[in-house]
Amino acid sequence: MSRRAVFSACAAGLAVGVAAIPAGAFTTGHAAGTHTVTLHEHLFHPATLNINHGDRVRWLWRDGETEHNVTFRGFHSRTQAVGSYTVRFTKRGTFRYFCTIHVSEGMKGKIVVH
Ligand SMILES: [Cu+2]
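Residues numbered from 1 in each chain as written. Predicted model: local features only at pLDDT ≥ 70, side-chain atom pairs only at ≥ 80, totals over all residues.

## What to know about the overall build of the chain
Of regular secondary structure, the chain possesses three helices and eight strands. Along the chain, from the amino end to the carboxyl end, the secondary structure elements read α-α-α-β-β-β-β-β-β-β-β. The 114 residues of the chain split such that 16% are buried. In the chain, 45% of the contacts between residues at least 6 apart in sequence involve partners at least 24 apart. (Helix = DSSP H or I, 4+ residues; strand = E, 2+ residues; numbered from the N terminus. Buried ≥ 20, exposed ≤ 12 C-beta atoms within 10 Å, placed from the backbone. Contact = placed C-beta atoms within 7 Å.)

## Quick look at the nonpolar core
Of all hydrophobic cores here, the largest spans 13 residues; its most connected members are Val57 and Trp59. Contributions of two or more residues to this core are made by β1 (34-40), β4 (56-61) and β7 (93-98). For this core, the element with the most residues is β4, which contributes three residues. Leave out the neighbours within four places in its chain, and Trp59 touches Val37, Leu39, Val70, Ser77, Ser84 and Tyr85. (Core = buried A, V, L, I, M, F, W, Y, C linked by C-beta atoms within 7 Å.)

## Some thoughts on the sheet that holds β1
The four strands are arranged β2-β1-β4-β6 in an open sheet whose pairing can be described as mixed. Single-partner strands in this sheet number two, and they are β2 (43-45) and β6 (84-88). Looking at each pair of strands side by side, their axes are set apart by 20° on average, direction ignored. (Pairing = 2+ DSSP bridges. Axes fitted to C-alpha atoms, helices over the stretch in contact; angles between N-to-C directions.)

## Regarding the environment of Val103
With respect to the helices and strands, the residue Val103 is situated in the loop between β7 and β8 (108-113). Along the backbone, Val103 and Leu43 are 60 residues apart, and their C-alpha atoms lie at a distance of 9.2 Å.

## A look at the confidence of the model for the chain
Confidence along the chain averages 82 in pLDDT terms, with 74% of residues attaining 70 or more. Long-range and interchain partners of residues 1-28, a stretch whose pLDDT sits below 50, account for 10 contacts in this model, where long-range means more than four residues apart. (pLDDT = per-residue confidence, 0-100.)

## A look at unusual backbone geometry
His45 connects to Pro46 through a cis peptide bond whose omega is -5°. Residue placement: Pro46 occurs in the loop between β2 and β3 (48-51).

## Examining the pairing of β8
Inspection of the sheet shows β3 paired to β8 by four bridges, in the parallel sense. Bridged to Ile51 within β8 is Val113. When β7 meets β8, the two strands line up antiparallel, connected through six bridges. Following the sheet pairing, Tyr97 is matched in β8 by Gly109.

Structure follows, in C-alpha coordinates:
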(Lines give C-alpha, C1' and ligand atoms only; values in the text may rest on other atoms or scores of the structure.)
Protein backbone atom coordinates (compact mmCIF):
# COMPACT_ATOMS: atom_id res chain seq x y z
CA MET A 1 0.00 0.00 0.00
CA SER A 2 2.68 2.51 1.01
CA ARG A 3 4.94 1.31 -1.76
CA ARG A 4 2.26 2.08 -4.34
CA ALA A 5 1.93 5.58 -2.88
CA VAL A 6 5.68 6.16 -3.14
CA PHE A 7 5.75 5.11 -6.75
CA SER A 8 2.83 7.22 -7.77
CA ALA A 9 4.27 10.25 -5.98
CA CYS A 10 7.61 9.76 -7.70
CA ALA A 11 6.02 9.26 -11.10
CA ALA A 12 4.16 12.51 -10.71
CA GLY A 13 6.98 14.63 -9.38
CA LEU A 14 10.30 13.21 -10.56
CA ALA A 15 11.99 11.87 -13.64
CA VAL A 16 11.58 8.11 -13.97
CA GLY A 17 15.34 7.45 -13.89
CA VAL A 18 15.71 9.17 -10.51
CA ALA A 19 12.62 7.68 -8.93
CA ALA A 20 13.42 4.08 -9.85
CA ILE A 21 16.61 3.85 -7.77
CA PRO A 22 15.71 5.30 -4.36
CA ALA A 23 12.10 4.11 -4.12
CA GLY A 24 13.06 0.76 -2.54
CA ALA A 25 15.51 2.42 -0.14
CA PHE A 26 12.73 4.38 1.48
CA THR A 27 10.50 1.39 2.11
CA THR A 28 12.87 -1.40 3.27
CA GLY A 29 15.90 -1.91 5.50
CA HIS A 30 17.43 0.49 7.98
CA ALA A 31 20.11 3.12 7.75
CA ALA A 32 23.50 2.27 9.25
CA GLY A 33 24.06 4.18 12.45
CA THR A 34 26.99 5.54 14.41
CA HIS A 35 27.28 4.84 18.14
CA THR A 36 29.52 6.59 20.64
CA VAL A 37 31.59 5.09 23.44
CA THR A 38 33.28 7.54 25.78
CA LEU A 39 36.63 6.92 27.48
CA HIS A 40 36.29 8.53 30.89
CA GLU A 41 37.68 7.88 34.37
CA HIS A 42 39.61 4.82 33.15
CA LEU A 43 36.47 3.12 31.84
CA PHE A 44 34.49 2.72 28.63
CA HIS A 45 30.94 4.11 28.70
CA PRO A 46 28.95 2.08 27.92
CA ALA A 47 31.07 -1.02 28.53
CA THR A 48 28.65 -3.16 26.50
CA LEU A 49 27.16 -1.82 23.30
CA ASN A 50 24.66 -3.57 21.04
CA ILE A 51 24.65 -2.53 17.40
CA ASN A 52 23.51 -3.74 14.00
CA HIS A 53 26.03 -5.05 11.50
CA GLY A 54 27.12 -2.26 9.22
CA ASP A 55 27.01 0.29 12.03
CA ARG A 56 29.97 2.33 13.16
CA VAL A 57 31.30 2.82 16.67
CA ARG A 58 33.17 5.97 17.53
CA TRP A 59 35.28 6.07 20.69
CA LEU A 60 35.77 9.51 22.16
CA TRP A 61 38.64 10.29 24.52
CA ARG A 62 37.32 12.36 27.43
CA ASP A 63 39.73 11.67 30.28
CA GLY A 64 41.83 14.78 30.59
CA GLU A 65 45.51 14.13 29.98
CA THR A 66 45.32 10.39 30.68
CA GLU A 67 46.32 8.26 27.72
CA HIS A 68 44.24 5.28 26.66
CA ASN A 69 43.85 2.98 23.70
CA VAL A 70 41.13 0.76 22.22
CA THR A 71 42.61 -2.67 21.51
CA PHE A 72 40.78 -5.52 19.80
CA ARG A 73 42.24 -8.81 18.67
CA GLY A 74 43.72 -7.83 15.33
CA PHE A 75 43.19 -4.07 15.32
CA HIS A 76 43.60 -1.16 17.67
CA SER A 77 43.60 2.60 18.02
CA ARG A 78 46.60 4.72 18.81
CA THR A 79 47.47 5.36 22.44
CA GLN A 80 46.35 8.93 22.90
CA ALA A 81 44.83 11.41 25.35
CA VAL A 82 42.57 13.26 22.92
CA GLY A 83 40.73 12.45 19.75
CA SER A 84 38.55 9.64 18.50
CA TYR A 85 38.69 6.23 16.83
CA THR A 86 35.99 4.88 14.54
CA VAL A 87 35.40 1.29 13.46
CA ARG A 88 32.67 -0.07 11.19
CA PHE A 89 31.49 -3.55 12.16
CA THR A 90 30.36 -5.63 9.21
CA LYS A 91 30.30 -9.08 10.84
CA ARG A 92 27.92 -10.35 13.50
CA GLY A 93 29.38 -11.52 16.80
CA THR A 94 30.74 -10.31 20.12
CA PHE A 95 33.96 -8.33 19.91
CA ARG A 96 35.83 -7.73 23.16
CA TYR A 97 38.37 -5.00 23.62
CA PHE A 98 40.33 -3.25 26.33
CA CYS A 99 42.84 -0.52 27.05
CA THR A 100 46.25 -2.16 27.36
CA ILE A 101 47.35 0.41 29.95
CA HIS A 102 44.38 0.08 32.30
CA VAL A 103 43.01 -3.41 31.70
CA SER A 104 43.96 -4.40 35.27
CA GLU A 105 41.63 -1.64 36.49
CA GLY A 106 38.81 -3.15 34.49
CA MET A 107 39.00 -0.90 31.46
CA LYS A 108 37.34 -3.38 29.10
CA GLY A 109 34.37 -3.37 26.80
CA LYS A 110 32.53 -5.35 24.19
CA ILE A 111 30.62 -4.63 21.03
CA VAL A 112 27.78 -7.04 20.29
CA VAL A 113 26.98 -6.93 16.58
CA HIS A 114 23.54 -8.23 15.58
CU1 LIG B 1 43.45 3.33 29.53
